[in-house]
Amino acid sequence: MRAARFYGPGKPLAIEEVPRPSPGPGEVLVRVKAAGVCHTELHFLDGILNLGVMPITLGHEIAGVVEEVGPGVDDPKPGDRVIVYYYVGCGRCRHCLRGEENLCENPKAEYGFITDGGYAEYVKVPARNAVKLPDNIPFEQAAPIGCSVTTAIHATKRARPEMGEYVAVYGVGAVGFALIQYNKLIGAKVIAIGRSERKLALARELGADYVINARSEDVVRKALEITGGRGVDVVYELVGVKETMDNSLKMLAKRGRLVLIGYWRDKLEANPLDLVVKEAVITASVGNTLEELIEAVRLVSEGKIKVVVDRVVGLSKINEELERLRRGEVVGRVVINPEAP
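Not measured: the values here are computed from a predicted model.

What counts, and at which threshold
Residues numbered from 1 in each chain as written. Predicted model: local features only at pLDDT ≥ 70, side-chain atom pairs only at ≥ 80, totals over all residues. Heavy atoms only, no water. Pairing = 2+ DSSP bridges. Helix = DSSP H or I, 4+ residues; strand = E, 2+ residues; numbered from the N terminus. Buried < 20%, exposed > 50% of the residue type's maximum accessible area, 1.4 Å probe, protein only. Salt bridge = Lys/Arg side-chain N within 4 Å of Asp/Glu carboxyl O.

Visitor: Can you break down the sheet that holds strand E1 (residues 2-6) residue by residue, with the values?
Guide: To summarise the sheet geometry, strands pair through backbone hydrogen bonds and adopt either a parallel or an antiparallel arrangement. On the basis of which strands lie adjacent, the open sheet formed by three strands has the order E2-E1-E4 and antiparallel pairing. The outermost strands of the open sheet, each flanked by one partner alone, are strand E2 (14-17) and strand E4 (56-57). Bridge analysis of E1 against E2 gives four bridges, and the strand direction is antiparallel. In the sheet register, Arg-5 faces E2, and the bridge partner there is Ala-14.

Visitor: Describe in detail the pairing of strand E3 (residues 27-37), supporting the description with residues and values.
Guide: Burial of E3 is extensive: eight of the 11 residues sit out of reach of the surface. Bridging between E3 and strand E9 (residues 122-126) involves five bridges; their strand directions are antiparallel. Opposite Val-28, over in E9, you have Val-125 as the bridge partner. Two elements, E3 and strand E5 (residues 61-69), share eight bridges in a ladder whose sense is antiparallel. Bridging from a neighbouring strand, Ala-34 pairs with Ala-63 of E5. Across three bridges, E3 lies against strand E18 (residues 333-336) in antiparallel orientation.

Visitor: Run through the pattern of salt bridges, naming residues and quoting values.
Guide: Side chains that differ in charge, positive against negative, can pair when their charged atoms come close. Within the structure shown, the criterion is met by 31 salt bridges. For the salt bridge of Glu-67 with Arg-31, the shortest nitrogen-to-oxygen distance reads 3.3 Å. Within this pair, whereas Glu-67 is found in strand E5, its partner Arg-31 is found in strand E3, the two being separated by 36 residues in sequence. Under the relative-accessibility criterion, Glu-67 is labelled partly exposed at 30%. In this structure, Asp-80 and Lys-132 form a salt bridge, with 3.8 Å as the shortest nitrogen-oxygen distance. Here Asp-80, found in the loop between E5 and strand E6 (81-84), pairs with Lys-132, found in strand E10 (residues 130-132); they are 52 residues apart in sequence, far enough to count as distant. Taken together, the shared-partner salt bridges in this structure form one network comprising Asp-310, Arg-311, Glu-321, Arg-324, Arg-327 and Glu-329.

As structure tokens, this is what we get:
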């Protein structure tokens, strides 16, 4: 089968022929119909994220059809439409026992990170990781649910915004669009912050109450103006550079929560006094749980969250699309269809 393989930082992904996997006991083989292109792949290419496994097939947002099942698998069945949960925990550590496989202390697999992922024609996963996909969600919209929507849900549960609180989504990409919609479902007042008028216009369409163009406006001053001087109760930080992290801290209200989601090479610098006098909280969010993936699929199926797809391309276009993503030209998610030319 064809797969896009990662051989190390600074090198483009290589499209190669590799052996097609066979499902073992308790596993299923999924024919990949769609795989989302996430900023995480850029972090691999830039050497920011190095998990010591290479070569490896990247891609952790995966949707497809069950092609074959291994011994002992009764469900799902061949032909079932599924979306892949990309964590496989040890099942024994304190986090796994709480359903937090994203924090497993000794993970068995993590597709697209330490285990071959979805930039391929097939991927094999445990049967429990193949979550049934309703017929009303097309594959190209399903794949991004696995990270962009679930990341938004998990981060929101870390922040615990209340109805009527002000939340800022700092960075309006695929995760940001999902955060806007999920926080509106809770009843929060959402401020979208970005540098692209096109993305900010879409943020408004998706429910943002206010938008701030960081290219032309003073972000902190505008956020304080919007909130009547009290500051923002929750800031979801999706960029991870010094400017955005500094601004996030400055705009926090008393007992405000800064949730770090994005990252880059820059370091977070905070004066403890500024946090103490506000009783502010800095926390972080990574990945999602299986239950959050199931919730995300339900919300998209019910039309409560819209997945924004920029375009669908074949596997051979992966490096071109990663560069488009790097340049900030992608609105939502690019989706790879391994069966497309």
